[in-house]
Amino acid sequence: NKVDFTSARESRAKILPIAYNNFIRNKKWMREFSAFVEREAYWINDFACYIVLKETYNGRPWYEWPTEFKTHSAKALNHFVVSNADAIRYIQWEQFIFFTQWKRLKVYCNKQGIQIFGDLPFYVSYDSADVWSNRDIFKLDSDGRMTGIAGVPPDYFNRNGQLWGMPTFNWDVLKRKKYSWWKRRVRWNIELFDKLRLDHFRAFADYWEVPS
């Protein structure tokens with residue numbers, strides 16, 4: 001049978017706001033939510049802001065936003081966050097609900113003797129909260145355009161090679177920052193899964209970069 005994704009999205013759009021409005025009236029739940037947002041502040045604030053900005057600009061990628069938002073200007077973002085506090089909190093709440101339910105599911109699976117296997121992609125999408133909020137650790141120019149793109153060279157699978165479309169990492173900057181972005185990323189995924197694969201681990205030592 002076909003799954004009606006349009007109907008599922010419409011149901012979600014109707015049901016979740018009702019759940020959210022009930023949730024924020026419960027002081028105990030709000031304390032748990034606030035603790036989660038505070039604990040995960042290093043990613044969840046930028047992620048929520050990114051989602052609301054993307055909705056504001058009709059789904060356009062971050063590198064096509066107005067300059068003050070494209071460049072992650074602290075002054076512009078502070079004003080935007082204040083003006084869109086409710087929408088941003090709602091996105092944060094969706095993340096809180098998902099990860100709370102996921103961890104309950106993981107505990108249940110583990111009790112049944114089931115382990116969850118996670119697959120962590122080495123690169124991240126160009127149009128993502130990760131790249132937008134951490135531009136300095138990726139190969140981008142001052143205008144946010146990619147200068148180095150991930151791929152693989154020609155081989156017996158493909159005589160032309162492959163161009164994957166994700167920005168490569170600026171390892172010099174990552175090294176200066178003691179690889180904090182990578183450490184947090186791996187640590188978070190280890191919490192989510194029982195076994196974790198990095199795809200592909202070899203890229204830490206040897207990778208293919210195509211000039212844009």
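As a reminder, the structure under discussion sits directly above these lines.
Calculation rules
- Residues numbered from 1 in each chain as written.
- Predicted model: local features only at pLDDT ≥ 70, side-chain atom pairs only at ≥ 80, totals over all residues.
- Heavy atoms only, no water.
- Helix = DSSP H or I, 4+ residues; strand = E, 2+ residues; numbered from the N terminus.
- Expected span 1.5 Å × (residues − 1).
- Buried < 20%, exposed > 50% of the residue type's maximum accessible area, 1.4 Å probe, protein only.
- Arc of directions from axis to C-beta.
- Contact = heavy atoms within 4.5 Å.

Participant: Outline helix H9 (residues 180-192), supporting the account with residue identities and numerical values.
Facilitator: Between its terminal C-alpha atoms H9 stretches 19 Å, which fits the 18 Å expected from 13 residues at 1.5 Å a residue. Those residues of H9 that fall on the buried side of the exposure criterion are Trp181, Trp182, Arg185, Trp188, Asn189 and Leu192. In a view along the axis of H9, the buried residues occupy a sector of 135°, so they form one face of it. When the buried face of H9 is taken as reference, the exposed residues oriented beyond 90 degrees from it are Arg187 and Ile190. On its buried face, H9 sits against helix H3 (41-56), helix H6 (85-111), strand E1 (117-121), helix H7 (129-133), helix H8 (171-176) and strand E4 (195-199).

Participant: I'd like a rundown of the environment of Ile24, residues and numbers included.
Facilitator: Within the secondary structure layout, Ile24 lies in the loop between helix H1 (5-23) and helix H2 (27-39). Of the residues examined, Ile24 reaches a relative accessible area of 28% and is grouped as partly exposed. Between the alpha carbons of Ile24 and Lys70 there is a distance of 31 Å; along the sequence they are 46 residues apart. Residues contacting Ile24, with those up to four places away along its chain left out, are Met30 and Arg89.

Participant: Go over H6 with me, naming the residues and quoting the values.
Facilitator: Helix length check: H6 (27 residues) gives 39 Å between terminal C-alpha atoms against 39 Å at 1.5 Å per residue, within 8%. The set of residues buried in H6 consists of Ile88, Tyr90, Ile91, Gln92, Trp93, Glu94, Gln95, Phe96, Phe99, Trp102, Lys106 and Cys109. Backbone geometry just downstream of H6 places Gly113 in the positive-phi region, at approximately 80°.

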